[in-house]
Amino acid sequence: MEISEVQKIAHLARLSLSDDDATRYAGELNNILELVERMNARDTDGIRPMSNPLDATQGLRADEVTETIDRELFQSSAPLAEGGLYLVPKVID
Amino acid sequence: MHNRTIASLATGLQTGEFSATELCRHFLARIDACNDTLNCVITTTAEGALEAAQASDDRRANNAALGELDGIPLLHKDVFCTAGVRTTCGSKMLANFVSPYDATVVERLHQRGAVMLGKTNMDEFAMGSTNEHSYFGPARNPWNTEHVPGGSSGGSASAVAAGFAAFATGTDTGGSIRQPAAFCGVTGLKPTYGRVSRYGMVAFASSLDQGGVFARSAADVAPALNAIAGFDPRDSSSSQHPTDDYAANLAQDLRGLRIGVVREHFSDGLDSEVADCVHAAAATLREAGATLVNISLNETALTVPTYYVIALAEASSNLSRFDGARYGHRADNPQSLEDMYERSRSEGFGDEVKRRIMLGTYALSAGYYDAYYGKAQQLRRLITEDFARAFTDVDLILAPTTPAPAFRLGELVDDPVNMYLSDIYTCAINLAGLPALSMPAGQSASGLPIGAQLIGAHFQESRLLNVAHAFQCRTQHHLAAPDTGAYAEISR
């Protein structure tokens, strides 16, 4: 993995890395990828992917309102909230 | 008092030998004396605990005690949301986060009158095997403070071993209950996937995470599991499979039980002292009436890479919610939304978390999804089927929990690959969603605990606890306690 690729991934993950950090992570990620390459030793043609260990499917319930919203309580941990809204830097010019 | 079983403490409360308030004060004093050294507890909730203990005493005085856990002190891993008390997940990102609600695990234990003493230290967002990746500093192993307690539930394991509480909660995604239990000489159970509600349990890898219990014996794990197990409509991955009374069959005979020992587990990578303990455990279980059988799990070599691809991919998705907008750390003076996201996340997350997010992002990115995540999901099915096949031949599997006893602090913190490889015996179990526990099975020559692992088929927690209990009736490893006198500070 090149530094530029690490920076691209960091951007996808919304992380900002210095070039020094990116170099360090590139080395570490390459080591981890080497470990991951071992997966290719095993043929998996025709094997159904498993996303849930019990092969469970999404349970459904009646479409009825059962929860209450306590906005004041839920927003009490917000970095910046006002009038029921979370405040962030301006998005639209 | 802190080495007594839950049943013994419950009896003591019942007979008036001591009050819940006295019991609470005793354990709070233990935390006070040893936490500066062990750093197992991030937040102590002394005031709330004493209030809860008083409420327990009041109930008992009115003949209205809630059951065996009423007044029994516990600690919660700091990954479980606790209303009004900060939930940090061992991270700067949530260092001041106060949840508006209780996790189901927290709620259910509270409903049974158990007294929460505080929140325990952990690897950040449950990512790690040594509790060295915590914003709040490493937790230490009470048997030798130069060694790690394991991770990610290192604080909970260390706390139970050191007598900070009668039991503690933990979570296990790739071994994070079982491995610290082995390193700290306590009993730790990871239930079947879906057995314990994940509502309010901050997510690391949603198809792997499971909440569980640390205690000093299987007999003590049982009442705690009874409290937390069972369907929860607020967790969409929660199972409707009926629960057992996990204490009811502890003393069941082992005759007729077939226990498998896995050939592939005994390789060069396994420390000989650990191997000896597992073989000794097999002999003990044979004496108890079980039949020990050699079996093969052919897919063993694939488990670590498969686990890490799936876990890291799911982690990258789960941790994308931490963006500085609605909760958690927000960077100062963000210049744009993009800047707010990037700096909040870069400042809030530690190195190991960032490494895992990036690898997970890579594994899911366009052009790589099939080669990594898709492939891993196929291997997951092969690994799961491997276990299913084994369970047509045996009822349980006996295995090592870890390749070696607890590492020294600093030994693996900068060596992620070798740290990951040490999950070899535990992570496959999470891929297959199986229940498993680690129980103390001996000590190394240097005095560090060694654990043995019992793995069951889905929803066989009763059986696991039964076999562990039979083992603990015939051995004394679980009765050993670390000598904390060397570093305990007795306040005057």
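Quantities reported herein were computed from a predicted structural model and do not represent experimental measurements.

## What to know about the overall build of chain A
- Summing up its helical and strand segments, chain A has three helices and two strands in all.
- Counting helices and strands in the order they occur from the N terminus, chain A gives α-α-α-β-β.
- A compact globule built from 93 residues would reach a C-alpha radius of gyration of about 12 Å, whereas chain A, at 22 Å, exceeds it by more than 25%.
- Overall size of chain A, expressed as C-alpha extent along the three principal axes, is 55 × 40 × 25 Å.

## Some details on the overall build of chain B
- When its secondary structure is counted, chain B shows 15 helices and 11 strands.
- If you line up chain B on its principal axes, its C-alpha atoms span 65 × 55 × 45 Å.
- The buried share of chain B, taken over its 492 residues, is 62%.
- A separation of at least 24 residues holds for 77% of the contacts in chain B among residues at least 6 apart in sequence.

## A short note on the interface of chain A and chain B
- Of the residues lining the interface, 40 residues belong to chain A; the matching set on chain B comes to 57 residues.
- Among the elements of the structure, α1 (3–12), α2 (19–37) and α3 (71–74) of chain A are those that each provide at least two residues to the side of chain A that touches chain B.
- If you tally residues by element for the side of chain A that touches chain B, the top one is α2(A), at seven residues.
- Each residue belonging to the side of chain A that touches chain B can be placed in one class, and the counts come to 25 nonpolar, nine polar and six charged.

## Notes on the sheet that holds strand β9 (residues 396–400) of chain B
Residues and elements named next belong to chain B.
- The mixed open sheet is built from 11 strands, whose spatial order is β1-β3-β2-β4-β6-β5-β10-β11-β9-β7-β8. The open sheet is flanked by β1 (41–44) and β8 (291–295), the only strands paired with a single partner. Ignoring strand direction, the axes of neighbouring strands in this sheet form an average angle of 30°.
- By the bridge criterion, three bridges tie β1 to strand β3 (residues 115–120) in an arrangement that is antiparallel. Bridge pairing in β3 places Thr43 opposite Lys119.
- Its contacts with the sheet put helix α3 (residues 46–61) on β1 and β3, and the angle it makes with β3 is roughly 155°.

## Some remarks on the packing of helix α7 (residues 218–228) of chain B against helix α15 (residues 461–474) of chain B
Residue and element names in this part refer to chain B.
- Two elements in contact, α7 and α15, have axes whose closest approach is 8 Å; the angle formed by their N-to-C orientations is 155°. As summarised for this structure, α7 and α15 are arranged roughly antiparallel, according to the angle between their axes. Side by side, α7 and α15 meet where Ala218, Ala219, Val221, Ala222 and Leu225 of the first sit next to Glu461, Leu465, Ala468, His469 and Gln472 of the second.
- Partitioned by chemical class, the residues of the contact of α7 with α15 number seven nonpolar, two polar and one charged.

## Digging into unusual backbone geometry
Residues and elements named next belong to chain B.
- In this structure, Ser152 follows Gly151 across a cis peptide bond, with omega equal to 10°.
- Locating Ser152 in the fold gives a position in the loop between β3 and α5 (154–161).
- A positive phi is found at Asn63, a non-glycine position, where the angle reads about 55°.
- Mapped onto the fold, Asn63 is located in the loop between α3 and β2 (73–77).
- Judged by local crowding, Asn63 falls into the exposed class, with 6 C-beta atoms found within 10 Å.
- For Phe125, which is not glycine, the phi torsion reads 50° and is therefore positive.
- Along the chain, the position of Phe125 falls in the loop between β3 and α5.
- Classification of Phe125 as buried rests on a count of 27 C-beta atoms within 10 Å.

## Some thoughts on the confidence of the model for chain B
- Per-residue pLDDT for chain B averages 96, and the proportion of residues at 70 or more is 99%.
- Among the prediction metrics, the complex's ipTM stands at 0.95, with pTM recorded as 0.97.

## A word on α15(B)
Residues and elements named next belong to chain B.
- For α15, built from 14 residues, the straight-helix expectation of 20 Å at 1.5 Å per residue is met to within 8% by its first-to-last C-alpha distance of 20 Å.
- Counting buried positions along α15 gives 12 out of 14 residues, so the element sits mostly inside the fold.
- Inspection of α15 places Glu461, Ser462, Arg463, Leu464, Leu465, Asn466, Val467, Ala468, His469, Ala470, Phe471 and Gln472 among the buried residues, and these make up the whole buried set.
- Packed against the buried residues of α15 are β5 (187–190), α7, α8 (272–287), β9, β10 (436–443) and β11 (449–456).

## Examining the packing of helix α2 (residues 20–38) of chain B against α3(B)
All names here are of chain B.
- At a closest axis distance of 8 Å, the pairing of α2 and α3 adopts a crossing angle of 155°. One element, α2, and the other, α3, form an angle in the roughly antiparallel class. As for how α2 packs across α3, the hand of that crossing is right-handed. Contact residues: α2 offers Ala20, Thr21, Leu23, Cys24 and Leu28, while α3 offers Ala46, Ala49, Leu50, Ala53, Gln54, Ser56 and Asp57.
- By residue class, the composition of the contact of α2 with α3 is eight nonpolar, three polar and one charged.

## Let's talk about the pairing of strand β6 (residues 210–215) of chain B
Residues and elements named next belong to chain B.
- Most of β6 sits inside the fold, with six of its six residues counted as buried.
- Covered by surrounding structure in β6 are Gln210, Gly212 and Phe214 together with Gly211, Val213 and Ala215, the residues of both alternating faces.
- Both strand β4 (residues 167–172) and β6 contribute to a ladder of six bridges, which runs antiparallel. Counted as the bridge partner of Phe167 is Ala215 from β6.
- As paired elements, β5 and β6 share three bridges and run antiparallel to each other. Paired with Thr187 across the strands is Ala215, a residue of β6.

Reading guide: rules and limits
Throughout this document, residue positions are counted from 1 along each chain, in the order its sequence is written. Going through the entries in the order they are written, you letter the chains from A and number the ligands from 1. At least 70 in pLDDT is required for a residue's local features to be given in this predicted model, at least 80 for side-chain atom pairs to be given and counted, and no such filter applies to totals for whole chains, interfaces and linings, which use all residues. Secondary structure is summarised from DSSP: a helix means a run of H or I of at least four residues, a strand means a run of E of at least two, and numbering begins at the N terminus for each. The reference for a compact globule is 2.2 Å times residues^0.38; the radius of gyration itself is calculated from the C-alpha atoms. Burial is judged by counting other C-beta atoms within 10 Å of a residue's own C-beta: 20 or more means buried, 12 or fewer means exposed, and anything between counts as partly exposed, with every C-beta placed from the backbone. Throughout, a pair of residues is in contact if the C-beta atoms placed from their backbones lie within 7 Å. Charged means Asp, Glu, Lys or Arg here, nonpolar means Ala, Val, Leu, Ile, Met, Phe, Trp, Tyr, Cys or Pro, and polar covers whatever is left, Gly included. Here, a strand pair is defined by DSSP locating no fewer than two bridges between the strands. Here the axes come from fitting lines to C-alpha atoms, over the contacting stretch only for helices, and the angles between their N-to-C directions go from 0 to 180 degrees. Any angle between 65 and 115 degrees counts as roughly perpendicular, while under 35 counts as roughly parallel, over 145 as roughly antiparallel, and the rest as oblique. Residue-level confidence of the predictor is summarised by pLDDT, bounded by 0 at the bottom and 100 at the top. Multiplying 1.5 Å by the helix residue count minus one yields the expected span of that helix. Should the near helix be turned anticlockwise from the far one by less than a right angle, the crossing is termed left-handed; should it be turned clockwise, right-handed.

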